[in-house]
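Coordinates in review
Given next are the chains, with one letter for each unit.
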Amino acid sequence: MPTDKTATLYRMVLPDHICPFGVRAKAMLETAGYRIDEHLLRSREEADAFEAEQGVATTPQVFIDGERVGGSDELERYLAAA
């Protein structure tokens, strides 16, 4: 499996909630052979601050080659087109 493909994944993992879309995004990246630089947002405050900083309304957010791909639906389209 190639290791030159790297993606950065920001996803929410709270004590009482693991975002299913983040789990889905991680699984899609692993299946596609990406090495994942994973950043877990462990509180609502961390997630809110990340969303405000990035100008997005939701997590997860995936970045490939320094470009924001988006959430799990956008990632699915990106991988299908690759």
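Above this text sits the structure in question.
Our subject in this report is the structure included herewith. The structure displayed is predicted, hence computed values, not measured ones.

What counts, and where the lines are drawn
Residues numbered from 1 in each chain as written. Predicted model: local features only at pLDDT ≥ 70, side-chain atom pairs only at ≥ 80, totals over all residues. Heavy atoms only, no water. Helix = DSSP H or I, 4+ residues; strand = E, 2+ residues; numbered from the N terminus. Rg over C-alpha atoms; globule rule 2.2 N^0.38 Å. Buried < 20%, exposed > 50% of the residue type's maximum accessible area, 1.4 Å probe, protein only. Lys, Arg positive; Asp, Glu negative; His and termini not counted. Charge placed at Lys NZ, Arg CZ, Asp CG, Glu CD. Contact = heavy atoms within 4.5 Å. Core = buried A, V, L, I, M, F, W, Y, C linked by side-chain atoms within 4.5 Å.

1. Looking at the overall build of the chain
Looking only at helices and strands, the chain features 3 helices and 5 strands. The N-to-C order of helical and strand elements in the chain reads β-β-α-β-α-β-β-α. Relative to a compact globule of 82 residues, whose C-alpha radius of gyration would be 12 Å, the chain shows 12 Å and is just as compact. For the chain, the spread of C-alpha atoms along the principal axes amounts to about 35 × 25 × 20 Å. Going through the 82 residues of the chain one by one, you find that 37% of them count as buried. Of the charged side chains in the chain, 9 are positive and 15 negative; the average position of the first set lies 4 Å away from that of the second.

2. Observations regarding the environment of Leu75
With respect to the helices, strands and loops of the structure, Leu75 is situated in helix H3 (residues 72-81). In the structure, Leu75 is positioned 26 residues away from Ala49 in sequence and 22 Å away in space, judged by C-alpha atoms. Those residues in contact with Leu75 that lie beyond four places of it in its chain are Ala25, Met28, Leu29, Val62, Ile64 and Val69.

3. So, the environment of Asp4
Mapping Asp4 onto the fold places it in the segment before strand E1 (6-14). Judged by its relative accessible area of 65%, Asp4 falls in the exposed class. Taking the C-alpha atoms as reference points, Asp4 and Asp73, separated by 69 residues in sequence, lie 23 Å from one another.

4. Side note on the nonpolar core
By size, the foremost hydrophobic cluster in this structure holds 10 residues: Ala7, Leu9, Ala25, Met28, Leu29, Tyr34, Val62, Ile64, Val69 and Leu75. At the level of secondary structure, the elements contributing two or more residues to this core comprise E1, helix H1 (20-31) and strand E4 (61-64). The dominant element in this core, judged by the number of residues it contributes, is H1, at 3 residues. Look past the residues within four positions of Val62 in its chain and what remains in contact with it is Ala7, Thr8, Leu9, Ala25, Leu29, Glu67, Arg68, Val69, Gly70 and Leu75. Leu14, Cys19, Phe50 and Phe63 belong to the second largest nonpolar core, which has 7 residues in total.

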